[in-house]
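# Working through the structure, step by step
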Amino acid sequence: MASHGLSPSLNRLLLALKYATFQPRCCAVHKAHYSTVYNGNEKTFDKILIANRGEIACRVIKTCKKMGIQTVAVHSDVDSSAVHVKMADEAVCVGPAPTSKSYLNMDAIMDAIRSTGAQAVHPGYGFLSENKEFAKRLAAEGVTFIGPDTHAIQAMGDKIESKLIAKAAKVNTIPGFDGVVKTAEEAVKIAQDIGYPVMIKASAGGGGKGMRIAWNNEETREGFRFSSQEAASSFGDDRLLIEKYIDNPRHIEIQVLADKHGNALWLNERECSIQRRNQKVVEEAPSTFLDPSTRRAMGEQAVQLAKAVQYSSAGTVEFLVDSKKNFYFLEMNTRLQVEHPITECITGLDLVEQMIRVAKGYKLHHKQEDIPINGWAIESRVYAEDPYKSFGLPSIGRLSQYQEPVNLCNVRVDSGIQEGSDISIYYDPMISKLVTYGATRAEALSKMEDALDNYVIRGVTHNIPLLREIITHPRFISGDISTNFLPEVYPDGFKGHQLEASTRRELLASAAALHVASQLRSQRILGNQRVSNSPVECSCWELVVKLGKEAHPVTVTRSGNTYTVEVDGERVEVCGQWSLASPLLPLTINNTHRMLQSLSRDASGEIVLQYLGTSFKVRVLSKLAAELNSYMPEKVPEDTTSILRSPMPGTVVAVSVKAGDTVAEGQEICVIEAMKMQNSLTAVRQAKVKSVHCKAGETVGEGDLLVELE
Amino acid sequence: HPVVAALPQSSSQRDCRWYSVSNLSVKERIEKKRKAALLGGGQKRIDAQHKKGKLTARERVELLLDPESFVESDMFLEHRCSDFGMEQDKNKFPGDSVVTGRGRINGRLVYVFSQDFTVFGGSLSGAHAQKICKIMDQAMTVGAPVIGLNDSGGARIQEGVESLAGYADIFLRNVLASGVVPQISLIMGPCAGGAVYSPALTDFTFMVKDTSYLFITGPDVVKSVTNEDVTQEELGGAKTHTTVSGVAHRAFENDVEALLNLREFFNFLPLSNQDPAPIRECHDPNDRLVPALDTIVPFESTKAYDMLDIVHAIVDERDFFEIMPNYAKNIVVGFARMNGRTVGIVGNQPKVASGCLDINSSVKGARFVRFCDAFNIPIITFVDVPGFLPGTAQEYGGIIRHGAKLLYAFAEATVPKITVITRKAYGGAYDVMSSKHLRGDVNYAWPTAEVAVMGAKGAVQIIFRGKENQAEAEAEYVDKFANPFPAAVRGFVDDIIEPSTTRKKICRDLEVLASKKQVNPWKKHANIPL
């Protein structure tokens, strides 16, 4: 441990912290979640430029501030009032909104480095983080790249070369690995040689983006087409990779940390199996699946690989693990991962701090035996997307109200947005990374439930309903998960929380009580002499609460802030403060604390409540209004089988039909690109195209009419 | 009261024949009449009404008012027509074709009439009009709003001129009550011919979608006169009047939703011009900061944003009752509360036509401002206006005359007036939008405000006509005028405020301004440019 120059007492404190067992602490008192203490005498850089945006830029700036380093933010024009720009000491605009013209614009970023005199660059993840060209240009100007050497980026960035190196370093690799693919037919041939199923993805890309699975020749061709387009648009490199696809695997990765002196550590694993469309949704550390010997074997192989490429800085070695705990090297990410906070929680290390130290050339403080697993950490990726559409299609909008649950203990929220921020079509739709930790997994999970319930997000559709369902699902709780978890658990798509008789009663009772509270408030006109002297507060409210198609008669009686609701033959007691202005609605229902959220309430009795993560729309009417409402005609909704509307905001990449064409069921009609994902929209039935309302290159909003069928 | 004295008091003619054949005691007769009155035109017609997706007159009243608060008047009143067989017993309905009385909405007094379509199609007889006039007179005497639930086929043709006289009696009262007590019309069925002018004279007209119509003449007459083919819905349905003509202020899905919304709407209104704007118990902190507002105005001054986002963020509980949400959408008007107190909100809407003022938006704004002023409701104005809309359509349509209405309304208003310039305040439109010069009490500018005669480009083209280096001149102009300073140094805005503090500041100002007293010079009445 490099603690030269520290007073003996501080030294003891450091040791004590290092070996302290996990103690839950309240964030209000203890904002940082690191057990190591930054050594102020260790000089690193005066000024660092962060070549990124959003939460990761903010995350890096936080550590820089702790280390007394000046920070420079870069931003696109639409991001000029973004949180990372406000947090940084200096900010430079590097171009217009599209990433290719701003955050990927190396010339502009190099200019920003020169003009601000930054000595080092932290690239975050994505964008230029694994771009060897960028690293080279920095090196050429004597600017430190906070990450591994160009050599390691290049070696690991190329999926083909990385496997060869991995093999040579005695790391388990996936069978059936092949080579670079140039045409669709070549792709088919390779796929056939390997044997289906195969996985197709961009050679240059990290993560799940651009990754598609093919089970036959047809799907291989389609996968080739999409992946090469995406590869070209995201990475400017249309090379592809095809390999054997391991069915029902777990995705477990090892965090490594290495210095420039040949030292490398493994910082335990992260379980990232819960994914949708090959993008991670919920991660945890450690994994319920690994035993100490498997963990060690994976960790040691990861370190072998890191050493084989003279890796320095933080990196991640991803493995696929099958049900028999065989593990295969997938790829190495030569950057800080999105999900690094959970590793920080269980090890107490600040990975960004370590990256900066290592980049400056310091040796690692720690030895392998110093790396603990303290407690358990879970991360939920909170996205601006609609989980009811293929587990999450991007949504955009303005965060009209936004409150992070940071007042809760043991909750860490990494975000780069605030109330009033815009979630735009230009960037990743992630709102935040919500991390909870506890001494045990159960504790961390229960904290996650609380955190999700207390998280206020208005103005954009978000995936909290799905996140809460995942972390409370019996299969997830038992640790029985794989990368197919979502499609297996929700074969017909995600439908929100399914109420049981008792929870339905709680929901109905809460809605009824809220309705009465609001009605009573309407009668409280202050200082008005002209309100009847003898106001009639009825002692018992007879109401009907409609949920879905079912109408439930309820009666409500009030005593102070406690409402006793008779619903479906049972008595439910609901108690709360009944603030009609707060988005959060903390209630005690039959002596159980529940955090509901009041999403909307209108004059016609419609109340939308978020309950157990899912939003439920109910309608509360007086008995009389409900009776009279039965005379009201049902209005016929729009026929949706003959119109195609954009399921999300984005850009029309291609329109495959024109008016008069006949389309078959499932035939592609057009392709919408949003958040760098290409989505093919298909016909729901065979029909003739009546009219086309969009053309390639156009920007469309959610719900915009694209094509009409006859 | 002079109005009451002017009433035509027709003596009720007793039907002696009925008495002679009846053996029933008076008490039983009363019961029988009451029962009959409650059934209106009878069960068959009630069923027919329900089948059309409509409620009966009494059901509507019951739903509108607090439980058991309805006090009916003239339940026994009958029509006096003796022509065309109308004198027969079967053509007499106790209460005739309208239900009238008073009641309470959330404890506050209101007078109501509800036309009964099951009795002669809700047609207006002399008796029907007399009932309406009676409660309108009472409403004015005690100072309470009048709500009319309209569902009437038109004049009672059998009565001829007596029916027409009835209409005129109502119109007169509508006019005399205007500005004295709030008057609201909810159109829940047909309302055609001369009948449309009563709702037109009231302060607010709401409609029920698919079941209500307002027109001077129906599709048949239109066809014969102008040879136009048009459906009832297209000619005078809720959509037409809330989006095209601007006759109606809001439309609701069905009777139940309309009545429940009317209750909610009523909560915003003072009872009369002698009463202050109501203050409801408020749970939203009056000093709440709204950080979201600091980033709401885009950097590019040509980029749009939604003024409703600002309104929702500032007012209590994001609760905003918008008036005419689908008509002249370049201006936003409606009711909200600040620290519980009702306020009227007026805002230019940059999202629609850049928020410019044109004929329709000026008229929409002017009428709303005048309502607020008449009923002691403070006005909060959010300004982002690039000017008046140019073009022949506007000039020929009389934008000068109509634009003047908004100017007139703001200038004349003596209620508390608070103005927030969020971005552009250009040209004459700056003056119009509740500027300091029109007796604005508190005028704020956000840091993004630009008060100028016009945008930089246009200005530079005039000032530096023919000169090279327009771009440089434009930059100079922007530097000089595209900011709040020119107005602030002259005292035309009182302060430049952080947007996030807007709610807090307005709440504080309203408290102070509650005792504002300002009187316009005596006049018989003013002469707004109609």
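Residues numbered from 1 in each chain as written. Chains lettered and ligands numbered in written order. Predicted model: local features only at pLDDT ≥ 70, side-chain atom pairs only at ≥ 80, totals over all residues. Heavy atoms only, no water.

## Let's talk about the pairing of strand 13 (residues 313-321) of chain A
Residue and element names in this part refer to chain A. With 9 of its 9 residues buried, strand 13 lies for the most part within the structure. As judged from the 9 bridges shared by strand 10 (residues 250-258) and strand 13, these two strands associate in the antiparallel manner. For Ala258, the partnering residue across the bridge sits in strand 13 and is Ser313. Here strand 13 runs beside strand 14 (residues 327-333); their pairing, made up of 6 bridges, is antiparallel. For Thr316, the partnering residue across the bridge sits in strand 14 and is Asn333. (Buried < 20%, exposed > 50% of the residue type's maximum accessible area, 1.4 Å probe, protein only. Helix = DSSP H or I, 4+ residues; strand = E, 2+ residues; numbered from the N terminus. Pairing = 2+ DSSP bridges.)

## Here we look at helix 12 (residues 255-266) of chain B
Residues and elements named next belong to chain B. Taking 1.5 Å of rise per residue, the 12 residues of helix 12 would be expected to cover 16 Å, and the 16 Å separating its terminal C-alpha atoms lies within 8% of that figure. For helix 12, the full list of buried residues reads Asp255, Val256, Glu257, Ala258, Leu259, Leu260, Asn261, Leu262, Arg263, Phe265 and Phe266. Put simply, Asn254 is the residue that caps the front of helix 12, since its side-chain oxygen is 3.1 Å from the backbone nitrogen of Val256. (Expected span 1.5 Å × (residues − 1). Polar contact = N/O pair within 3.5 Å; in protein donor to acceptor, adjacent residues only side chain to side chain.)

## Structural notes on the domain arrangement of chain B
Residues and elements named next belong to chain B. Along its sequence, chain B is carved into domain 1 (26-267) and domain 2 (291-449 + 493-513). The straight-line distance from the C-alpha centre of domain 1 to that of domain 2 is 35 Å. On the domain 2 side, the residues contacting the 23 residues of domain 1 number 15 residues. Around 1,400 Å² of area is buried between domain 1 and domain 2 when both sides are counted, 64% of it from carbon and sulfur atoms. For the interface between domain 1 and domain 2, the tally reads 0 salt bridges. Connecting domain 1 to domain 2 are 3 residue pairs in polar contact (both at pLDDT 80 or more). For the side of domain 1 that touches domain 2, the secondary structure elements donating two or more residues are helix 8 (197-201), strand 7 (204-208), helix 11 (238-244), strand 9 (250-252) and helix 12. Residues of the side of domain 1 that touches domain 2, tallied by class, amount to 11 nonpolar, 9 polar and 3 charged. (Domains from an automatic or database assignment. Contact = heavy atoms within 4.5 Å. Buried area = accessible area lost by both parts, 1.4 Å probe. Salt bridge = Lys/Arg side-chain N within 4 Å of Asp/Glu carboxyl O. Nonpolar A, V, L, I, M, F, W, Y, C, P; charged D, E, K, R; others polar.)

## Describing the UniProt feature "domain: CoA carboxyltransferase C-terminal" (unreviewed entry) in chain B
When the UniProt feature table is mapped onto this chain, "domain: CoA carboxyltransferase C-terminal" (unreviewed entry) is found at residues 285-524 of chain B. Segment residues 285-524 of chain B splits into 36% helix and 19% strand. End C-alpha atoms: 43 Å apart. (UniProt positions renumbered as here; feature names shortened; annotations may be inferred.)

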